[in-house]
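The chain contents come next:
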Amino acid sequence: MNENNSAKLWGGRFSESTDAFVEAFTASIMFDKRLYKHDIAGSKAHAAMLEKVGLLTEKEKQAIHQGLDDIQIEIEQGEFAWSVALEDVHMNIEARLTQRIGDTGKKLHTGRSRNDQVATDIRLWLREQVDAIQAELQRLQRGLVELAEREADTILPGFTHLQVAQPISFGHHMLAWYEMLVRDVERLQDCRKRINIMPLGAAALAGTTYPIDRAYTAELLGFERPADNSLDAVSDRDFAIEFTAVAAIIMTHLSRFSEELVLWASAQFGFVDLPDRFCTGSSIMPQKKNPDVPELVRGKTGRVNGHLIALLTLMKSQPLAYNKDNQEDKEPLFDTVDTLLGSLRAFADMMPHVQVNAKLMRAAAMRGFSTATDLADYLVGKHIPFRDAHEIVGKAVGYGVEVGKDLSEMSLDELKVFSTRIEQDVFEVLTLEGSVAARNHLGGTAPEQVKQQVIQARKKLL
Ligand code: ARG
């Protein structure tokens, strides 16, 4: 064996040492050391299984477990010397184990490969992250429900095409955001099922000649079951792609919330006031209070979308089984999790403290003829066909634009010009309150419905 490769755990067949640049270029330790805890957990379970089937003695297993526990402490106290020459987290820890406990450490890798080891580590790590993400999603959902309850009776214009459409309850709007997150939680839970499958035992690609007990290892690690095909087990990164797709959808939702908050916080809308501690100022314009948090979250959506494309492209056309390409799965995945968790945390912290300016929302709803549909519906109630009613109201709106009056601000005489069927009772439907209260069915914007939905949401969130 070449002297310089003697430290490498795979150095046996090599006659010249690795090029210094190639060594650094192929190493993953700079980023995969993040998996240390899951690598150690996987190794401990593997060692326990090896003992169960008689491949390690009780004493050897004990020594390995103790050694790994000590290494974990070293790492957590910042005393572990990570080595680029040892390439990745797996070989760094294994080499240190042998250094600490002697030759017994060399038995740990019996019946396994880094190929099934790394796939196991990422799955263990991602499973934990998924649970943390779900907790943050639900914290944000609780904040939205709280705000929905507080502002169920607050009316703002609902928009289509960003043009004033119909008045809605602010609580209803918050519950629309909440619903997006309901689907996100479902998607996350579904994707977790496919993360929670154990590759260990696949070894390099074909399985192993030892009488291993994969069900036992899976049970120790809390996996649902061992993977059914060893080739697939070491090569599959669908779970990472799928998770990142779920993350991209969540970020897309957050970007939509962000966009609305940025608009609403502007002087032109003035619908909401974001807490100062979630905003920053300008170094030149003293009056500025910028909605940085939603802007940044909106921007970060791009990174996660990029990671999804990166992972899809990484897997495209890969032949079975493991290929070094897959080492490139980690950075996009890590950054996806960090970006998503950070964005969710910012939103979950911020939303319950958003202040709503009911007066300005009302004024905006009054300006845009938002009760025009209500007037048309009223005329239908007076036996005018909807198409004709639509035409009549269109004319009334045209008049309103001309004289600068909302429908509710016109006198009965003014309204009667457009249809003699209009009576005094029209004003009940032309008010904003009348308009929202009338949409009183499942899924409608009536405050009464919003309050019902709040109760339902609270039950689900328990
Ligand atoms: N660092 C590698 C990765 O992240 C570990 C597996 C390497 N396996 C191999 N045969 N080179 O994928």
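Please refer to the structure placed before this passage.
Source: prediction; values computed, not measured.

Remarks on the site of the ligand
Then comes step 1: What surrounds the ligand is the set Ser28, Asp32, Asp88, His90, Arg114, Asn115, Val118, Tyr322, Gln327 and Lys330.
Then comes step 2: Here the ligand loses 86% of its free accessible area of 340 Å² to cover by the protein chains.
Then comes step 3: Per-element accounting of the shell around the ligand gives the leading share, 3 residues, to helix α6 (residues 114–150).
Then comes step 4: Split by residue class, the shell around the ligand holds 2 nonpolar, 4 polar and 4 charged.

Concerning the pairing of strand β2 (residues 163–169)
Then comes step 1: Examined bridge by bridge, strand β1 (residues 155–160) and β2 share 6 bridges and lie antiparallel to one another. The residue bridging isoleucine 155 from the neighbouring strand is serine 169, located in β2.
Then comes step 2: What sits between β1 and β2 in their antiparallel hairpin is a turn of 2 residues, with histidine 161 showing a positive phi close to 60°.

Some words on the pattern of salt bridges
Then comes step 1: Applying the stated rule across the entire model yields 38 salt bridges.
Then comes step 2: Among the ionic pairs, aspartate 338 bridges to arginine 34, the shortest N-O distance being 2.7 Å. Of this pair, aspartate 338 sits in helix α12 (residues 330–350) while arginine 34 sits in the loop between α2 (29–32) and α3 (36–52), placing them 304 residues apart in sequence.
Then comes step 3: Judged by its relative accessible area of 31%, arginine 34 is partly exposed.
Then comes step 4: Between aspartate 213 and lysine 52 there is a salt bridge whose closest N-O contact spans 2.6 Å.

Observations concerning α3
Then comes step 1: Given a rise of 1.5 Å per residue, 17 residues ought to cover 24 Å, and the 24 Å separating the end C-alpha atoms of α3 matches this to within 8%.
Then comes step 2: With 12 of its 17 residues buried, α3 lies for the most part within the structure.
Then comes step 3: Taken together, the buried residues of α3 touch α2, α4 (58–76), α5 (89–101), α6 and α8 (214–220).

Here we look at a nonpolar patch on the surface
Then comes step 1: On the surface, Phe21, Val22 and Phe25 cluster together to form a nonpolar patch covering roughly 350 Å² of accessible area.
Then comes step 2: Along the chain, phenylalanine 25 falls in helix α1 (residues 20–26).
Then comes step 3: For phenylalanine 25, a relative accessible area of 63% corresponds to the exposed category.

What about the environment of alanine 372?
Then comes step 1: Counting through the fold element by element, alanine 372 comes out in helix α14 (residues 372–381).
Then comes step 2: When its relative accessible area of 19% is taken as the criterion, alanine 372 is described as buried.
Then comes step 3: Residues alanine 372 and valine 164, spaced 208 residues apart in sequence, show a C-alpha to C-alpha distance of 11 Å.
Then comes step 4: Those residues in contact with alanine 372 that lie beyond four places of it in its chain are Val393, Val397 and Leu407.

Some thoughts on unusual backbone geometry
Then comes step 1: Of note, the amide linkage connecting leucine 320 to alanine 321 takes the cis form, showing an omega dihedral of 0°.
Then comes step 2: Within the element layout of this structure, alanine 321 appears in the loop between α11 (292–315) and α12.
Then comes step 3: Not every positive phi belongs to a glycine, and glutamate 87 is a case in point at roughly 70°.
Then comes step 4: Note that glutamate 87 resides in the loop between α4 and α5.
Then comes step 5: Accessibility expressed as a relative area gives 10% for glutamate 87, which makes it buried.

Regarding the packing of aromatic side chains
Then comes step 1: One pass over the structure, following the stated rule, counts 12 aromatic pairs.
Then comes step 2: Look at phenylalanine 269 and phenylalanine 271: their rings are 5.2 Å apart centre to centre, the planes differ by 85°, and that puts the pair in the edge-to-face class.
Then comes step 3: Each member of the aromatic cluster is reached from another via a ring pair, and the members are Phe159, Phe170, Trp177, Phe257, Trp264, Phe269, Phe271 and Phe347.
Then comes step 4: The positively charged end of arginine 34 is found above the aromatic ring belonging to phenylalanine 334, 4.9 Å away from the centroid.
Then comes step 5: Its end group placed over the ring of tyrosine 216, lysine 52 keeps NZ or CZ at 4.9 Å from the ring centre.

Reading the values: the criteria
- Residues numbered from 1 in each chain as written.
- Predicted model: local features only at pLDDT ≥ 70, side-chain atom pairs only at ≥ 80, totals over all residues.
- Heavy atoms only, no water.
- Near = heavy atom within 4 Å.
- Areas by Shrake-Rupley, 256 points an atom, 1.4 Å probe, with all protein chains shown as cover.
- Helix = DSSP H or I, 4+ residues; strand = E, 2+ residues; numbered from the N terminus.
- Nonpolar A, V, L, I, M, F, W, Y, C, P; charged D, E, K, R; others polar.
- Pairing = 2+ DSSP bridges.
- Salt bridge = Lys/Arg side-chain N within 4 Å of Asp/Glu carboxyl O.
- Buried < 20%, exposed > 50% of the residue type's maximum accessible area, 1.4 Å probe, protein only.
- Expected span 1.5 Å × (residues − 1).
- Contact = heavy atoms within 4.5 Å.
- Patch = residues over 30% accessible without salt bridge, like charges linked within 9 Å, V, L, I, M, F, W, Y side chains within 5 Å.
- Phe/Tyr/Trp six-rings, centres within 6.5 Å; stacked < 30°, edge-to-face > 60°.
- Lys NZ or Arg CZ within 6 Å of the ring centre and 35° of its normal.

Fair warning: the whole summary comes from geometry, so function is off the table for now.
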